[in-house]
Amino acid sequence: MTMSLRRTILAASIALLSAGALHAADIAIPDIPYTKFVLKNGLTVLVHEDHKTPVVAINTWYHVGSKNEKAGKTGFAHLFEHLMFSGSENFDKVYLPAMERIGANNLNGTTNQDRTNYFENVPTSMLDYALFAESDRMGHLLGVLDQKKLDLQRGVVQNEKRQGENQPYGVAYQLLTENTWPAGHPYSWTVIGSMKDLDAASMSDVQEWFKTNYGPNNTTLVIAGDITPEQAREKVEKYYGEIPPGPPLAKHEAWIAKRTGTHRGTVQDRVPQARVYRVWNVPGSSTATEPLLDLGAYVLGGGKTSRLYKRLVYKDQLATTATASNDSSEIAGQFDLTLTARPGADVAKMERGADEELRALMKSGPSAAELEIAKTAILARFTRIVERVGGFGGKSDLLASCTTYTGNPDCYKDYLKAIKAATPAQIKQAMNEWLADGDYVLEVQPFPANLAANGKLDRSKEPALGKPESLNLPPMQKATLSNGLKVVLAERHAAPIVNLSMMVDAGYASDSQDLPGLAGLSLRMLEEGTPTRGALKISEEFESLGANFSSYSNLDGAFVQLNALKATLPKALDVYADVLLHPAYAQNELDRLKKDQLAAIQREKSNPQSMALRVMPALIYGKGHAYALPLTGSGTEAAVARIGRGDLVKYHQTWFKPNNATLLVVGDTTLAEITPLLEKAFGGWKAGDVPKKNVAQVAPPDKPVVYLMDKPGALQSVIYGVQLAPPRNAPDAVQLQVVNNIFGGVFSSRINMNLREDKHWSYGVRSSLPAAVGQRLYISSSPVQTDKTREALQELVKEYGGIAGARPITADELVNAQTNETLNLPGSFETAGQLAGAYSAIVQYKLPENYYNTFTQTVLSMTPEQANALAARTIVPGKLTWMVVGDLSKVEAGVRELNLGEVRKIDADGNPVP
């Protein structure tokens, strides 16, 4: 970037801030009130009250991760995470299906270098049941842990490892880990471990791991949501008090392992674009350096306003992505650059450009405007945390993290205070200290002598199950602007955030057959400039206001979204309306994004999942149908190359009309507050005629067809079973969702329990019904290890026949699916974004306004006879289209031996292959 251009951009940023945009100092640091207590056995408990929905989050953090392993015995922490879902002495059932049955969502477990956590959101009435289950696997796991369970979960983990390595750039993680940390460092092996070590894991090894690391004195439990501290303490004492403490533990101290010199390595992978990773070892979390390097990383490579983006993606167009991040772990951290080259670009030149931008930032430090944007972005991200009680990144997660690593649940406040106080000089100093070109201390601490178990809980009987909770969702209020634009508002005042979504009736189905990809490109181009705002200015204005902007299409609609802080909404709305109504479609921006879209298509053709999704619609709907274009929406290389500026202008003029759109508003506002702002922003938008999309009815094929796509060297095959199903608003769509959950829609589904839990040939298989106004696809997706492709396909054929009638849905299966669907419901409306997504579905697919109010009764009223009749008339085993993507040199013969139907080989564009 020339100095004159940089001065122009920075001058604009400074002018924007001085003109009244939100300063980081104006954004309050979130406060998450809590009550803390410690049981006699050492279990640390935090309780946070949030009564907006009848949901409680349970977040359990064990202070043990892969860094507590030893070389030669890696992967234990992650393997044990899986074993914890296999059942315990008094709760001897597979954990995920059991918790799905009571309506749990945000349900998972994860492992990193420093901790292993388990979390779920449950209806308030199911809290006792969930705490019983969670505490039982903490205190009573080993009695039912046998060799069969160990072997099963070992196979699942190994398939997870294969699945990760089968992804583009999947080889990088192992090489980065091994080459950036010295031998023997606790971070010098990957979290998932090696195949050899996983194979060698013995029953005695895993038992010892549990006894050593899973005691209550090594655990933080956070309960957040619809509960009081008094209620929580009573329940925690009841369910956890009897569990004895674990042994004294050795803890790692900081070991930064700062390196010197430059070392390089190369590796080949089947990907369409070159990528460069650059990594430095730096101080870890909860250090004075962490917030300074976080801010430096944001200025350097944190978004469209960053120096790397402006230089490498926007100006030089050498890269499609260029990012910087500061990744902080407990005893050390890593500052890294990730640069993905545009196809055909000079990789060395890209790398030199990134280095020049880094050196320039280290020489001068960030400008005041750059630093203000970075601070605002970080503070806005933490502001959004207070919307959610659980899951990844919710309030319980933040409290558990701070408590586990620092002992101070409020540590995030100290971090944010440091973010607010940071100066350009401090950031410059930190970057020069750690990015310009060690010792391990072990301290033995006395083990507390007063730890003890508290009584004995009778675990011979599970707590009684609760009932589905009633919903109290905000009503859909409506207004119409003077130009006919429909406005739908749902008030939600839990956090000072407002979410706006302009829903335009367009989508991929509005693409012409000769220009697929135009709809998606048109939406991407919205934020690339208006007659009065350039692309970078738009990004700078949104970031300076703490607002998030996005635009995208799905099959039937276009969505232009703004997530804004209430304090900055009027200013953010001005920018939003300008971007939505007045795209400039500048030729230079179009040329750049066309290159990006072509690169994206190349990436899709290298990924086994997206390879199939590109060609599947044409095979099912037939060429010429509005839905017969790549399901990814990216179009084809030939079409994207032909798209000109005039095509974009015409597309916007044709489809973007107020009478063809609905503005959905969710969050901290009222109709009285928002309507005048919307009238000012959109009142001048003119209505007009809009074309009708022709979505014709398609007949199913007469007999099965099997399509084969070759991906040489693939570690897994991906098997798809595809058919057509009724539209999203069909009268029995809710019931079909329940049937699909039994077949393949949730963890406990038939096909997942077969191929993952029973056979452990896959990390996970699913079936889904992507929404559509017309006939929609019904897809099962099964990534399986290559040497089990034939057998897995045979099992899927059997399962399709079973759900269609050979193995009818049982009363127990239906009850489990019904309880999962209904008890899961309250946890689906926690954030403004979640609520907007639900109401968006009502508007887009013309569902009844009381859809969610009647959902529970609709589901619970189903009978097994109705479920089986629906499955029999909807699922058509004898007319399925099968697609297998994998190494055909290894799997083709086995697939043909099954004689499922005519076998046709196709390439990545869907063309026949001899």
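Values in this document were obtained by computation on a predicted structure and should not be read as measured data.

This brings us to the pairing of strand β2 (residues 44–49). With five of six residues buried, β2 lies mostly within the body of the structure. With four bridges connecting them, strand β1 (residues 35–38) and β2 associate as antiparallel partners. Counterpart to Thr-35 in the pairing with β2 is Val-47. Note: β2 against strand β6 (residues 219–225), six bridges, orientation parallel. Each bridged residue has a counterpart across the sheet, and for Val-45 the counterpart in β6 is Leu-221.

Let us now look at the sheet that holds β1. Neighbouring strands of a sheet are bound in pairs by backbone hydrogen bonds; such pairs are parallel or else antiparallel. Across the sheet, which stays open at both edges, the six strands sit in the order β1-β2-β6-β3-β5-β4 with mixed pairing between neighbours. Lying at the two open borders of the sheet, with one neighbouring strand each, are β1 and β4 (105–111). Ignoring strand direction, the axes of neighbouring strands in this sheet form an average angle of 15°.

When the pLDDT values of the protein chain are averaged, the result is 91; 96% of them are 70 or greater. With pLDDT under 50 throughout, residues 438–444 is counted as low confidence; its partners more than four residues away or in other chains account for eight contacts.

Taken as a whole, helix α32 (residues 888–897) has its buried residues at Leu-888, Val-891, Glu-892, Gly-894 and Val-895. Structurally, α32 contributes buried residues whose contacts are with β16 (705–710), β17 (716–725), α27 (789–806), β20 (881–886) and β21 (902–906). Among the residues trailing α32, Asn-899 stands out with phi positive, at a value near 55°.

A few words now on the pairing of strand β5 (residues 116–123). In terms of burial, β5 is largely enclosed, as eight of its eight residues are buried. Inspection of the sheet shows strand β3 (residues 55–62) paired to β5 by eight bridges, in the antiparallel sense. Its bridge partner lying in β5, Thr-60 is registered against Tyr-118. Across five bridges, the pairing between β4 and β5 is antiparallel. Paired with Thr-110 across the two strands is Asn-117, which belongs to β5.

Moving on, we get to the environment of Phe-119. Along the chain, the position of Phe-119 falls in strand β5. In this structure Phe-119 comes out as buried when scored by relative accessible area, which is 2%. Each C-alpha atom, one on Phe-119 and one on Thr-60, is 6.2 Å from the other, the two residues being 59 residues apart in sequence. Discounting chain neighbours no more than four positions away, the residues touching Phe-119 are Ile-58, Asn-59, Asn-106, Leu-107, Asn-108, Gly-109, Thr-110, Gly-391 and Phe-392.

On to the environment of Ala-421. Counting through the fold element by element, Ala-421 comes out in helix α15 (residues 411–421). Given a relative accessible area of 53%, Ala-421 falls into the exposed group. Placed 40 residues apart in sequence, Ala-421 and Arg-381 show a C-alpha to C-alpha distance of 17 Å. If we skip the residues at most four places from it in the chain, Ala-421 touches Lys-375 and Gln-426.

On the basis of which strands lie adjacent, the open sheet formed by six strands has the order β10-β11-β15-β12-β14-β13 and mixed pairing. This sheet does not close on itself; its edge strands, each paired only once, are β10 (477–480) and β13 (548–553). Strand-to-strand twist in this sheet, taken as the mean axis angle between neighbours without regard to direction, amounts to 15°. As defined by bridge partners, strand β12 (residues 497–504) adjoins strand β15 (residues 661–667) across seven bridges and the pair is classed as antiparallel. Along β15, the bridge assignment pairs Met-503 with Thr-662.

The description of two packed helices rests on the angle between their axes and on the distance between the axes. At a minimum axis separation of 9 Å, helix α28 (residues 811–823) and helix α30 (residues 851–860) run at an interaxial angle of 175°. When the axes of α28 and α30 are compared, the pair comes out roughly antiparallel. Packed against α28, whose contacting residues are Gln-818, Glu-821 and Thr-822, the element α30 presents Phe-855, Thr-856, Val-859 and Leu-860 at the interface. Considering only residue class, the contact of α28 with α30 consists of three nonpolar, three polar and one charged.

Criteria and cut-off values
Residues numbered from 1 in each chain as written. Predicted model: local features only at pLDDT ≥ 70, side-chain atom pairs only at ≥ 80, totals over all residues. Heavy atoms only, no water. Buried < 20%, exposed > 50% of the residue type's maximum accessible area, 1.4 Å probe, protein only. Helix = DSSP H or I, 4+ residues; strand = E, 2+ residues; numbered from the N terminus. Pairing = 2+ DSSP bridges. Axes fitted to C-alpha atoms, helices over the stretch in contact; angles between N-to-C directions. pLDDT = per-residue confidence, 0-100. Contact = heavy atoms within 4.5 Å. Parallel < 35°, antiparallel > 145°, perpendicular 65-115°, else oblique. Nonpolar A, V, L, I, M, F, W, Y, C, P; charged D, E, K, R; others polar.

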